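# Descriptive analysis of the structure
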Amino acid sequence: MKVKEIARTANVAWSPATMQDVHIACGTVAQQLDATFSTSARLEVFSLDLASSGLAVPLAGTVDSPLRFHKLAWSAHGQEGVNACGVIAGGSDNGTITLWAADKIIGDTEGAQLKQMIHHTGPVRTIDFNPFQPNLLASGGNDSEIFIWDLNNPDSPMSPGNKLHPLEDISGVAWNRQVQHIIASTSPSGKSVLWDLRKNEPIIQVADPNARVHCNAISWHPDVATQMVTASGDDRSPVVQLWDLRFATSPMRTLERHKKGILSLAWCPQDSDLLLTAAKDNLVLCWNPNSDIPGGEVVYELPATSQWIFEVHWCPRNPSMISTASFDGHVTMYSLLGGGVSAHEEPAEQPLQQSDDPFANLAPKPRQQPVETTPLKKPPKWFRRPCGARFSFGGKLVSFRHDNSRSVRVSQVVTEEALLERSSSLKRPSLNKISQTFVPRKPLVQPILRNRTSGTF
Amino acid sequence: MASGVVSEQYRVDTGHEDMIHDAQMDYYGKRLATCSSDRTIKIFEVVENTQNLVATLTGHEGPAWQVDWAHPKFGSILASCSYDRKVIIWKEVNGTWNKIYEFGEHKSSVNSVQWAPHEWGLMLACASSDDSFSIVYYSEGSWKYKRIENAHNMGCNSVSWSPAVNPGSLVEGGARSPVTAVKRLVTGGGDMLLKIWMEENGEWVMEEKLEGHSDWVRDVAWCPGIGLPISRIASCSQDCKVMIWTKDETVGGKWNSVVLKTFSDVVWHGSWSITGDILAVSGADNKVTLWKESMEGAWVCVSEVDKGQEGGTQQPQIS
């Protein structure tokens, strides 16, 4: 269900999971023109205040940017200190990657822009931070250029290996989620390359010889180091392919449901059974990529919109929130668990900013009303309690845990050894003789016992 | 410092086809109810180390998250809650279990259900991911409910009733009636907060908001009272911490918190013993640990349930 909405056409990055207050950064999208042919750009950070009802999101800070963005990413790098919120990186045209200190944007202080790194020869279409070392940033551009930047030493980036010919644009880079020195890149020709940074060379190249795929996006499995997905933006075969690199001759699984090319994909880091894709058929689908149903299992379909959604993201801090960025001028946040704003509450139209597309105002597009859709058929992993223990009468403890035996253990807990001694001394005298020496000393325990055994009150 | 002895008595092979999410003995410790992701609830008779599957209750359309036995004075009644947004109340009549009420007003998964202290009647509270919690009660021949919306953002994960005993009634002698008329409960949510609610003039209002966790509150448990002027709540969270919140009526009546421990993984469940002196904590590392408050006020780990079973602790010799 829709939870929040921001009226921007923007690339989006969520604040990292280590940051307690959830924020979302929006940067003006490149390659989108408005009537004034303005090329102004802004990076804005919104704070996701879930306590307030309603769709509006308060703006936490904004900074002007010289260039518009193709991609944004937010890393936890540099998160020591009281207000450190990490670093936001944006890939733009002219080969520029710009870095901002997120806390300075939120705090509205000077000097938010940290650095501009210009090394690529063409537009920087894709960037990704290393999940293990948040100071490492990978970027991909034209002519098979991939650079790995160390934010502690950003002047000399390294390349992951010799470029493979023929040179082509890099449409996606992604760091492996389990092994920190492996990175994958993909290109519109359908070829994906895996690089090993320790050896500084490409280790494997995968391409599907049968399908005509125009790979737009690539993502690694959150738990299994050898599996990854690529998504095709080609309208003739808009598929998501799941590869296991141990058997890299053909994809392990193909998910086919979209009718037009896929623009973005996102794998939930907390639950590998949830994969989101957004495509040119105006649909955002949530798949279970690990199920064996032929053609792929769709577990959830977001309400359809009127324009393409070009970016989907999972919120790292709060796994049931996702964000979608659409060409209809909105960044929308959904909760996959129900709750949130009801379908009838729509906010008053916010005053337009100059970077918004004024064409949108001329003919009001009929934005489809959000429909009540059923939640995920299977609860996400973060719902399922694996382990528990409950006390019961008589000091018994019933416990269970996540293992294949599906058994429940009943244990006896005694913490007062003195009491145990006394209770055992009760049993020692023979049954014919009632011990004269036994004097009840614990009034609190006795009344409870008496009531329970008789079953009356 | 009290030492703990945990000895495994027996295991019940539930036969569930998927993860078990809750297991609870009834009031007398004679029957065990378990619920699972396989959407069923199973009831076993466990007497003298034998186990006997008495019933398998079907009816939920999604994983069942929690079960709770009602007080035996109402009969054999069990409540269950599930991802399918429902709370189902089951009753055993002449040996057969039947569904007597189905509560389906929630819009999202119902994560937790607990019967209120029996002194307040046949009443339960349930917490749901749709940010609300409900009180369902039987009065004047029919089931009624009250739904409290917008309790927590990002879902209500857990609910726990306060004991019906008035804090302080034990030490004050006959001055105050032992059973309190004011109903209270605590809820924990995905907004990292604990909220204490009380019933005032027939409506439920938030009495107190407790902050301290830095991630989802997974479970809340109000310590059973025996009449001492201390109220205590344990909360378990996704931030791997268990916090103990104490309100001492004799020193001003404000809630103070202390971190029991920061574990190595998410803590899912906390449960107090019947007398309220031991807390059993279960976490994602698949371990169950028992904690007790020492004389100095610090919390010490009394035992680890797994170690007790595999290592074999000293078992007192009872001849």
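Remember, predicted model here, so these are calculated numbers, not experimental data.

### Topic: the overall build of chain A
Along chain A, the regular secondary structure elements total four helices and 30 strands. Classification of the 457 residues of chain A by burial places 54% in the buried group. A separation of at least 24 residues holds for 51% of the contacts in chain A among residues at least 6 apart in sequence. Of the accessible surface of chain A, which amounts to about 20,300 Å², a share of 52% is contributed by carbon and sulfur atoms.

### With respect to the UniProt feature "repeat: WD" (unreviewed entry) in chain A
The UniProt record annotates "repeat: WD" (unreviewed entry) at residues 117-159 and 255-288 of chain A. Helix makes up 0% of residues 117-159 of chain A and strand makes up 37%, while its end C-alpha atoms are separated by 15 Å.

### Description of unusual backbone geometry
Despite not being glycine, D143 of chain A has its phi angle at roughly 55 degrees, a positive value. Residue placement: D143 of chain A occurs in the loop between strand 11 (136-140) and strand 12 (146-150). Taking relative accessible area as the criterion, D143 of chain A reaches 38% and is therefore assigned partly exposed. Positive phi, normally seen in glycine, also occurs at M192 of chain B, with a value near 70 degrees. Here M192 of chain B lies in the loop between strand 15 (184-189) and strand 16 (193-200). Note on M192 of chain B: relative accessible area 18%, which makes it buried.

### Notes on the confidence of the model for chain A
Residue and element names in this part refer to chain A. The predicted model of chain A has a mean per-residue pLDDT of 78, with 79% of residues at 70 or higher. Note on residues 360-374: pLDDT under 50 across the span, and 22 contacts to partners over four residues away in sequence or across chains. With pLDDT under 50 throughout, residues 430-439 is counted as low confidence; its partners more than four residues away or in other chains account for four contacts.

### Description of the sheet that holds strand 25 (residues 299-304) of chain B
All names here are of chain B. Here we have four strands laid out as an open sheet, ordered 22-23-24-25, and antiparallel in their pairing. In this open sheet, the two strands that pair with only one neighbour each are strand 22 (267-272) and strand 25. Sheet twist, expressed as the average angle between the axes of neighbouring strands with direction ignored, equals 30 degrees. Sheet topology note: the strand 22/strand 23 (residues 278-283) ladder contains five bridges and is antiparallel. Across the sheet, the residue bridging to H269 is S282, located in strand 23.

### Notes on the pairing of strand 23 (residues 284-288) of chain A
All names here are of chain A. In terms of burial, strand 23 is a largely internal element, five of the five residues being buried. The alternating pattern of strand 23 places V284, C286 and N288 and L285 and W287 on opposite faces, both of which are buried. Where strand 22 (residues 275-279) meets strand 23, four bridges bridge the pair, whose relative direction is antiparallel. Bridge assignment links T277 to a residue of strand 23, and that residue is L285. Where strand 22 folds back on strand 23, the antiparallel hairpin that results is connected by four residues, among which N282 adopts a positive phi of roughly 65 degrees.

### With respect to the pattern of salt bridges
Counted according to the given criterion, the structure contains 28 salt bridges over all chains. Between R8 of chain A and E44 of chain A there is a salt bridge, and its shortest N-O distance comes to 2.6 Å. Residue R8 of chain A is located in the loop between strand 1 (2-6) and strand 2 (10-14), and its partner E44 of chain A is located in strand 4 (residues 41-47); the two are separated by 36 residues in the primary sequence. Each member of the pair, R8 of chain A as well as E44 of chain A, carries the same accessibility label: buried. As a salt-bridge pair, R147 of chain B and D130 of chain B come within 2.8 Å of each other at their nearest N and O atoms. Note that R147 of chain B is positioned in strand 13 (residues 142-148) and D130 of chain B in the loop between strand 11 (123-128) and strand 12 (133-139), a separation of 17 residues in sequence. Each of E61, D84, K86, K99 and E102 of chain B takes part in a single network of salt bridges with overlapping partners.

### Focus on the UniProt feature "repeat: WD" (unreviewed entry) in chain B
Under the feature "repeat: WD" (unreviewed entry), the UniProt entry names residues 57-91 and 210-245 of chain B. Secondary structure across residues 57-91 of chain B comprises 0% helix and 54% strand; the distance between its end C-alpha atoms is 11 Å.

### Some remarks on the interface of chain B and chain A
Contacts between chain B and chain A engage 79 residues on the former and 58 residues on the latter. Of the roughly 6,200 Å² buried where chain B meets chain A, counting both sides, 58% is carbon and sulfur surface. The largest per-residue losses of area from chain B upon contact with chain A belong to M19, Y83 and M154 of chain B, which jointly make up 11% of the total buried on that side. Between the two partners, chain B and chain A, sit two salt bridges. The residue D22 of chain B makes a salt bridge to R385 of chain A at a minimum N-O spacing of 3.8 Å. Across the chain B-chain A interface, the total number found is 14 residue pairs in polar contact (both at pLDDT 80 or more). Residue assignment for the side of chain B that touches chain A shows that the elements contributing at least two residues are strand 1 (5-13), strand 2 (20-25), strand 3 (31-36), strand 6 (64-69), strand 22, strand 23, strand 24 (288-293) and helix 1 (305-312) of chain B. In terms of residue class, the side of chain B that touches chain A is made up of 33 nonpolar, 30 polar and 16 charged. In terms of strand pairing, strand 30 (residues 407-414) of chain A meets strand 1 of chain B through eight bridges, oriented antiparallel. Bridged to V408 of chain A within strand 1 of chain B is V12 of chain B.

### Describing the side chain of Q66 of chain B
By secondary structure assignment, the location of Q66 of chain B is in strand 6. Under the relative-accessibility criterion, Q66 of chain B is labelled buried at 5%. A distance of 2.9 Å separates a polar side-chain atom of Q66 of chain B from the backbone nitrogen of V113 of chain B. The residues contacting Q66 of chain B, other than those within four sequence positions of it, are R385 and R390 of chain A together with D22, C35, A79, S80, C81, N111, S112, V113 and H269 of chain B.

### A closer look at the confidence of the model for chain B
All names here are of chain B. Of the residues in chain B, 89% reach a pLDDT of 70 or more, and the chain-wide mean stands at 85. Counting contacts from residues 308-319, a segment whose pLDDT is below 50, to residues more than four positions away or on other chains yields 15 contacts. Both scores are available for the predicted complex, with the pTM at 0.77 and the ipTM at 0.85.

### Observations regarding the sheet that holds strand 10 (residues 126-129) of chain A
Residue and element names in this part refer to chain A. The strand order across the open sheet built from three strands is 10-11-12, with neighbouring strands paired in antiparallel fashion. Each of the sheet's edge strands pairs with one partner strand only, and the pair in question is strand 10 and strand 12. Each adjacent strand pair in this sheet contributes to an overall mean axis angle of 20 degrees, direction not counted. Here strand 11 runs beside strand 12; their pairing, made up of five bridges, is antiparallel. Across the sheet, G140 pairs through a bridge with I146, a residue of strand 12.

Conventions adopted
- Residues numbered from 1 in each chain as written.
- Chains lettered and ligands numbered in written order.
- Predicted model: local features only at pLDDT ≥ 70, side-chain atom pairs only at ≥ 80, totals over all residues.
- Heavy atoms only, no water.
- Helix = DSSP H or I, 4+ residues; strand = E, 2+ residues; numbered from the N terminus.
- Buried < 20%, exposed > 50% of the residue type's maximum accessible area, 1.4 Å probe, protein only.
- Contact = heavy atoms within 4.5 Å.
- Areas by Shrake-Rupley, 256 points an atom, 1.4 Å probe, with all protein chains shown as cover.
- UniProt positions renumbered as here; feature names shortened; annotations may be inferred.
- pLDDT = per-residue confidence, 0-100.
- Pairing = 2+ DSSP bridges.
- Axes fitted to C-alpha atoms, helices over the stretch in contact; angles between N-to-C directions.
- Salt bridge = Lys/Arg side-chain N within 4 Å of Asp/Glu carboxyl O.
- Buried area = accessible area lost by both parts, 1.4 Å probe.
- Polar contact = N/O pair within 3.5 Å; in protein donor to acceptor, adjacent residues only side chain to side chain.
- Nonpolar A, V, L, I, M, F, W, Y, C, P; charged D, E, K, R; others polar.

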